[in-house]
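# Coordinate inspection notes
Residues per chain, in single letters:
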Amino acid sequence: MALPENPSINLTKETDIRLNKINLLKENNINPYADKYEVTHTLPQAREAKMGEHVQIAGRMTFRRTFGKFMFIQLSDIFAKIQVSLSVNEIDLEKYKFFKTYVDIGDYVGIEGELYTTQTGEITVKALSYELLAKAMLPLPEKFHGLTDIEARYRQRNLDLIMNDESKKVLLGRSRLISFIRSYLEKNDFIEVETPILQGAVCGASAKPFLTKHNALDKMCNLRIAPEVYLKQVVSGGFPRVFEVAKCFRNEGMDASHLQEFTQVEWYASYWNFEDNIRFFTQFIKDLTTYMLGKPVIVINGKEFALEKEFKRVDYTKTINEVLGFNVLDYDNADELKKKVISLKMFDEDEIQALKTCGAVIDYIYKRKIRPEIIEPTILFNYPASLVPLARPNDADTRTIEMFQFLINGEELCKAYSELVDPIIQRHTLEEQAKAKAMGDEEAMDVDEDFLLAMEHGMPPMSGLGMGIDRLLVMLYQQPSIRDVVLFPIMK
């Protein structure tokens, strides 16, 4: 090879040195970006193979230590790392010098060789040949400090995954979690379906939507806030049990527990009510945590929460009434309820006045006085009907709905209810939502005529559940922010 032995002469910047090497290689008809490499073993497979076995592996070089005519390097990917030794005893001297000079930390390399263990017991591949697969023009972050800037970690997730073992564990765990959810539901006769992200009506949850113009149809659309109304239509079409792992979008505040783009799973089962869903979810969350963490325990802020015992139950409406000293179900006028709540002098008057509906007032009180106090794993049930227009009213008292949420340490993990399938009541509740929207409630739903039409053709009794996957991952891996469990969170 007619290549300079010192390609960095008169160059001081690392990026300039690397770019010079790339140019020199190309000038000498050596393509530093290979089209492919034949791999016989993944890095984990190579680590499990028998000593003496012949392997061809590939990965990014993340470490190198040279001792004259012998060196150790490390190849890495998201799953594993493996040590490789290169020596002039097995590799031509010129080829060895080329590697030493032109292959840098961060480059992708293919290695053909044999497995052995070093005197320290390290599994190692003795390189018999190698191939430069792709040169990195920019250096990796310094090994022992890595990406310390949190913003940089989110913006340059590829580097974070290379340098940060915790990020590798969490984001690989995300894939394992979603795979488990799919497998678990399919084993219980649920069928995965897909519903539209671009929708014509805002319906399925109380949330402010993202709006966009559909040019071809000349109409305004919204990004999905929840897949609920479409999944129910699928059930109406004859699918007894369905689910979707769904990307959803809500144009609301951003904090450690919320992102505008998030992932949730929703499932719906014909002929269930919310009590059936409680039983199913109780077993599901125990099995899930056992699969992910080795035992049915979640640790939050250093405190262990066991999931194997029966969960505590708290009556939502009863607890709200105890906090306020009166029955919120006696009020169906938002102004009257706000006046009564303000008279208690327990809350900020301006914040209460800004709320548009009875449901919003009740939810405000819950989030400030009840939710923060729920620490142990708890089933919260029996909600006022004004909170969720898509839920089935309780036969004993139609002012409440058959709904539950599961909470740990003041965080809601899921919401589920017996579904409203009476088209007359459903039209009325959605029309009330439309009135609230006209009065300025940006989180109110539209009247979705396609959904109502499907309900008018008949829907079976059913119960559905929605669970945020991002928030669950924050709990499972004790992460400080929801951004830490998302590969590419939106940034300013």
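Please refer to the structure higher up on the page.
Counting restarts for each chain: residues are numbered from 1 in the order of the written sequence. At least 70 in pLDDT is required for a residue's local features to be given in this predicted model, at least 80 for side-chain atom pairs to be given and counted, and no such filter applies to totals for whole chains, interfaces and linings, which use all residues. To obtain the side-chain values, all non-hydrogen atoms of the structure were used and water was disregarded.

Below, the discussion takes up the overall build of the protein chain. In this text, helices come from DSSP runs of H or I with a minimum length of four residues, and strands from runs of E with a minimum of two, each type numbered from the N-terminal end. Helix and strand counts for the protein chain stand at 15 helices and 18 strands. In terms of overall size, the protein chain is more extended than a compact globule, its C-alpha atoms giving a radius of gyration of 29 Å where 492 residues would be expected to give roughly 23 Å. Here the C-alpha coordinates of the protein chain stretch approximately 90 × 50 × 50 Å along the principal axes. Evaluated residue by residue, the protein chain yields a buried proportion of 49% over its 492 residues. C-alpha atoms define the radius of gyration in this analysis, and the globule rule sets the expected value at 2.2 Å times the number of residues to the power 0.38. Three exposure classes are used, based on accessible area relative to the maximum for each residue type with a 1.4 Å probe and protein chains only: buried under 20%, partly exposed in between, and exposed over 50%.

Two rings from Phe, Tyr or Trp (for Trp, the six-membered ring) form a pair when their centres are within 6.5 Å of each other. A pair whose planes differ by under 30 degrees is stacked, one over 60 is edge-to-face, and the rest are tilted. Applying the stated criterion to the full structure yields 23 aromatic pairs. Judged by centre distance (5.0 Å) and plane angle (40 degrees), the ring pair of Tyr316 and Tyr366 falls under tilted. Pair noted here: Tyr316 is in helix α9 (residues 316–324) and Tyr366 is in helix α12 (residues 358–370), with a separation of 50 residues, a long-range link. Given a relative accessible area of 1%, Tyr316 falls into the buried group. For Tyr366, a relative accessible area of 1% gives the class buried. Cation placement over rings: the criterion is NZ of Lys or CZ of Arg within 6 Å of the ring centroid and within 35° of the ring normal. The ring of Tyr130 has Lys95 lying over it, and the distance from NZ or CZ to the ring centre is 4.4 Å.

A word on the pattern of salt bridges. For this document, the term salt bridge refers to a Lys or Arg side-chain nitrogen within 4 Å of an Asp or Glu carboxyl oxygen. For the coordinates displayed, the defined rule picks out 37 salt bridges. Between Asp335 and Lys338 there is a salt bridge; the shortest N-O distance is 3.7 Å. Taken as a pair, Asp335 and Lys338 lie in helix α10 (residues 334–343) at a separation of three residues, close to a single helical turn. Here Lys338 falls in the buried class, since its relative accessible area comes to 7%. Residues Arg427 and Glu456 are paired through a salt bridge, measuring 3.4 Å at the closest nitrogen-oxygen approach. Here Glu456 lies in helix α14 (residues 449–456) and Arg427 lies in helix α13 (residues 423–438), a separation of 29 residues in the sequence. Given the relative accessible area of 23%, Arg427 is considered partly exposed.

Here we come to the sheet that holds strand β15 (residues 378–384). In this scheme, strands are said to pair when DSSP sees at least two bridges between them. Read across the open sheet, the eight strands follow the order β6-β10-β11-β18-β17-β16-β15-β14; overall the sheet is mixed. A strand with exactly one partner marks an edge of an open sheet, and here the two such strands are β6 (191–192) and β14 (312–315). Where β15 and strand β16 (residues 400–408) come together, six bridges link them in antiparallel fashion. Along β16, the bridge assignment pairs Tyr383 with Ile401.

In this model, Asn382 sits at a positive phi of 65 degrees, which is unusual for a non-glycine residue. Here Asn382 lies in strand β15. Even without being a glycine, Asn409 presents a positive backbone phi close to 55 degrees. Within the secondary structure, Asn409 is located in the loop between β16 and β17 (411–418). Since its relative accessible area comes to 24%, Asn409 is described here as partly exposed.

Here the focus is the pairing of strand β1 (residues 54–66). The sheet contact formed by β1 and strand β4 (residues 108–117) spans seven bridges and is antiparallel. The partner of Val55 across the bridge, within β4, is Gly113. Pairing geometry for β1 and strand β2 (residues 70–76), over six bridges, is antiparallel. Residue pairing across strands places Thr66 opposite Met71, the latter belonging to β2. Count of turn residues in the β1/β2 antiparallel hairpin: three residues, of which Gly68 carries a positive phi of about 70 degrees.

Here α9 crosses α12 at 80 degrees, and the two axes come no closer than 11 Å. When the axes of α9 and α12 are compared, the pair comes out roughly perpendicular. Along the contact surface, α9 presents Tyr316, Thr319, Ile320, Val323 and Leu324, while α12 presents Ile362, Asp363, Ile365, Tyr366, Lys369 and Ile370. Each residue is assigned to one of three groups, with Ala, Val, Leu, Ile, Met, Phe, Trp, Tyr, Cys and Pro labelled nonpolar, Asp, Glu, Lys and Arg labelled charged, and all others, Gly among them, labelled polar. Considered class by class, the residues forming the contact of α9 with α12 number eight nonpolar, one polar and two charged. Only the contacting stretch of a helix is used when fitting its axis, a line to C-alpha atoms as for every element, and angles between N-to-C directions run 0 to 180 degrees. For classification purposes, an angle smaller than 35 degrees is called roughly parallel, one larger than 145 roughly antiparallel, one from 65 to 115 roughly perpendicular, and anything else oblique. Contacts are assigned to residue pairs that have any heavy atoms within 4.5 Å of one another.

Right, let's get into the side chain of Lys286. Topologically, Lys286 is positioned in helix α8 (residues 274–293). Of the side chains with opposite charge, Glu308 lies nearest to the buried Lys286, which makes no salt bridge, at 7.9 Å. A distance of 3.2 Å separates the side chain of Lys286 from the backbone oxygen of Glu308, its partner in a polar contact. When near neighbours in sequence (up to four residues on either side) are disregarded, Lys286 contacts Pro296, Leu307, Glu308, Lys309 and Phe311. This count recognises Lys and Arg as positive and Asp and Glu as negative, with His and chain-terminal groups excluded. Identification of polar contacts relies on pairs of N or O atoms within 3.5 Å, with a donor-acceptor requirement for protein atoms, meaning one able to donate a hydrogen and the other able to accept it, and with residues adjacent in sequence counted only if both atoms are side-chain atoms.

Those residues of helix α7 (residues 228–236) that sit buried are Glu228, Val229, Leu231, Lys232 and Val235. The arc that holds every buried residue of α7, seen down its axis, measures 160 degrees, which confines them to one face. Contact partners of the buried residues in α7: β10 (241–249), β11 (261–270), β17, α14 and β18 (462–468). Positive backbone phi, at 115 degrees, marks Gly238, one or two positions downstream of α7. To obtain the arc, one takes the directions from the helix axis to the C-beta atoms.

On to the state of the cysteines. The rule for a disulfide is simple: a pair of cysteine sulfur atoms within 2.5 Å. Within the structure shown, the criterion is met by zero disulfides. Between Cys203, a free cysteine, and Cys248, which holds the nearest cysteine sulfur, the sulfur-to-sulfur gap is 13 Å. Look at Cys248 and you get buried, because its relative accessible area is 0%.

Ordered by their spatial adjacency, three strands build an open sheet running β7-β9-β8, and the pairing between neighbours is antiparallel. At either end of the open sheet lies a strand with only one pairing partner, and these are β7 (198–199) and β8 (211–214). Sheet topology places β8 next to strand β9 (residues 219–223); four bridges connect them, and they run antiparallel. Bridge pairing in β9 links Leu211 to Asn222.

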